[in-house]
Amino acid sequence: MQIIAMLTMLIDHIGYIFFPGELGWRYIGRIAFPIYCYALVQGHIHTKSRPRYLRRLFLIALIAQIPYNLALDPGGWNVVFTLLLSAVVLVILDKLPSLWLGIPVVLAAIFLMDYFPVDYNAYGLILVLFFRYARSYWLIAGHFLLNGFYLFYSGWLVQLFSIVPTIFIALTPGVWGFLEKKRLPRWVWWSFYPAHLAVLAAVKILTSKEWVTIEW
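Given the structure is predicted, the values throughout are model-derived calculations rather than measurements.

K.L.:
What is the right way to read the overall build of the protein from this model?
P.N.:
A tally of regular secondary structure across the protein gives eleven helices and zero strands. The order of α-helices and β-strands along the protein, N terminus first, is α-α-α-α-α-α-α-α-α-α-α. Its C-alpha atoms give the protein principal-axis dimensions of roughly 55 × 40 × 35 Å. Looking at the protein as a whole, 44% of its 216 residues are labelled buried. Of the contacts formed within the protein by residues at least 6 apart in sequence, a portion of 70% connects residues at least 24 apart.

K.L.:
Mind showing me how you'd approach the pattern of salt bridges here?
P.N.:
Between side chains of opposite charge, a pair can form as their charged atoms come close. Scanning the entire structure with this criterion turns up four salt bridges. In this structure, arginine 50 and aspartate 94 form a salt bridge, with 3.0 Å as the shortest nitrogen-oxygen distance. Highlighted residues: arginine 50 in helix H4 (residues 50-71) and aspartate 94 in helix H5 (residues 79-95), separated in sequence by 44 residues. Between arginine 132 and aspartate 94 there is a salt bridge, with the nearest N and O atoms lying 3.6 Å from each other.

K.L.:
How should I be thinking about the packing of H4 against helix H11 (residues 186-207) in this particular structure?
P.N.:
Each pair of packed helices can be described by the angle between their axes along with the distance between the axes. One can describe the packing of H4 onto H11 by two numbers: an axis separation of 7 Å at closest approach and a directional angle of 15°. Classified by the interaxial angle, the pair formed by H4 and H11 is roughly parallel. H4 and H11 meet at a crossing whose hand is left-handed. Here Tyr53, Arg56, Leu57, Ile60, Ile63, Ala64, Pro67, Tyr68, Leu70 and Ala71 of H4 lie close against H11, whose contacting residues are Arg186, Trp190, Tyr193, Pro194, Leu197, Ala198, Leu200, Ala201, Lys204 and Ile205. Looking at the contact of H4 with H11 residue by residue, the classes come out as 17 nonpolar, no polar and three charged.

K.L.:
Would you take a moment to explain the UniProt feature "transmembrane region" (unreviewed entry) in the protein for this structure?
P.N.:
The positions that UniProt labels "transmembrane region" (unreviewed entry) are, in the present scheme, residues 53-70, 98-116, 122-140 and 152-175. Secondary structure content for residues 98-116 is 68% helix and 0% strand, and the end C-alpha separation is 28 Å. Overall, residues 122-140 shows 89% helix and 0% strand. The separation of its end C-alpha atoms is 18 Å.

K.L.:
It is not clear to me how the packing of aromatic side chains should be interpreted in this structure. Could you clarify?
P.N.:
Counting across every chain of the model gives 19 aromatic pairs. For the ring pair phenylalanine 149 and tyrosine 153, a centre distance of 5.2 Å and an interplane angle of 15° mean the geometry is stacked. Separated by four residues within a single helix, phenylalanine 149 and tyrosine 153 lie in helix H8 (residues 136-154), roughly one turn from each other. Members of the aromatic cluster, connected to one another through ring pairs, are Phe33, Tyr120, Tyr123, Phe149, Tyr150, Tyr153 and Trp156.

K.L.:
Before we go on, may I ask you to explain the environment of lysine 209 in this structure?
P.N.:
Considering the arrangement of structural elements, one finds lysine 209 in the segment after H11. Its relative accessible area of 86% is what places lysine 209 among the exposed residues.

K.L.:
Help me understand a positive patch on the surface, please; the structure alone is not making it clear to me.
P.N.:
A grouping of Lys48, Arg52, Arg55, Arg183 and Arg186 is seen on the molecular surface, where their side chains present a positively charged patch. By the secondary structure assignment, arginine 52 is in helix H4.

What counts and what doesn't
- Each chain has its residues counted from 1, following the order in which its sequence is written.
- Given that this is a predicted model, residues contribute local features only at a pLDDT of at least 70 and side-chain atom pairs are listed and counted only at 80 or more, while totals for whole chains, interfaces and linings are drawn from all residues.
- For the side-chain quantities, the full set of heavy atoms in the structure was used; hydrogens and water were omitted.
- Only DSSP runs of H or I reaching four residues or more are called helices, and only runs of E reaching two or more are called strands; each is numbered from the N terminus.
- Relative accessible area decides the class of each residue, using a 1.4 Å probe on protein chains only: under 20% of the type maximum gives buried, over 50% gives exposed, and in between gives partly exposed.
- Residue contacts are defined here by distance: any two heavy atoms, one from each residue, within 4.5 Å place the two residues in contact.
- Whenever a carboxyl oxygen of Asp or Glu lies within 4 Å of a side-chain nitrogen of Lys or Arg, that contact is scored as a salt bridge.
- What counts as an axis is a line fitted to C-alpha atoms, over the stretch in contact for a helix, and the angles between N-to-C directions run from 0 to 180 degrees.
- Oblique is the label for any angle not under 35 degrees, not over 145, and not in the 65 to 115 range, which are roughly parallel, roughly antiparallel and roughly perpendicular in turn.
- Take the far helix as the reference: if the near one is turned anticlockwise from it by less than a right angle, the crossing is left-handed, and if turned clockwise, right-handed.
- Classes in brief: Ala, Val, Leu, Ile, Met, Phe, Trp, Tyr, Cys and Pro nonpolar; Asp, Glu, Lys and Arg charged; the others, Gly included, polar.
- UniProt positions are given in the numbering used here, feature names are shortened, and annotations may be inferred rather than shown by experiment.
- Paired rings are identified among Phe, Tyr and Trp, the last through its six-membered ring, by centres lying within 6.5 Å, and are further divided according to the angle between planes into stacked (under 30 degrees), edge-to-face (over 60) and tilted (the rest).
- Exposure above 30% relative accessible area and the lack of any salt bridge qualify a residue for a patch; like charges then connect within 9 Å, and the nonpolar side chains Val, Leu, Ile, Met, Phe, Trp and Tyr within 5 Å.
- Reported accessibility uses the Shrake-Rupley method at a 1.4 Å probe radius. Residues are deemed covered only where the shown protein chains occlude them.
- Charge counting follows a simple rule: Lys and Arg are positive, Asp and Glu are negative, and His as well as the terminal groups are ignored.
- Charge positions are represented by NZ for Lys, CZ for Arg, CG for Asp and CD for Glu.

Below is the structure:
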């Protein structure tokens, strides 16, 4: 699972930076984000310390921010901030006596994530919520409707392919459970995102005819 997520994300970012006109890279890359959302939910459920889990996400987000700006988006916030905010929402929802009371929390987070330039915007939070609270066909239906909404709202045509890993997660739990057992060392899983961005940023700077800037 971790290897699939990391490799498809790497393919996506290579295509985005160096082959922007070739959508095949991006289609493959759509596999990664749903797996990271699923992994975030599993981490939220099974971690021994949620405060420590949140601090780790925050640290990774900080480390990855400048490489992200240099490699992918000069003015945006990297996707770990998206996952971090989603994890905070999950923690708050778990503390409420009823999920219905969490609706204002979710709406506020959606507004916040659409206002600030975080990667995937509110789409990331909503997908995380589906992985947390929906099962089987409901998970697939929720992700399908979410993709359909963002197709018309933001023109995210390529994002439609992201439902593929969700289908496998929802309908083949035995296979996915087997993949989850094949784990990399924790430091590899946590460090890959900022490390690969740093490498891609360095290659982009070395091969670019124009200086790469950060637009904070």
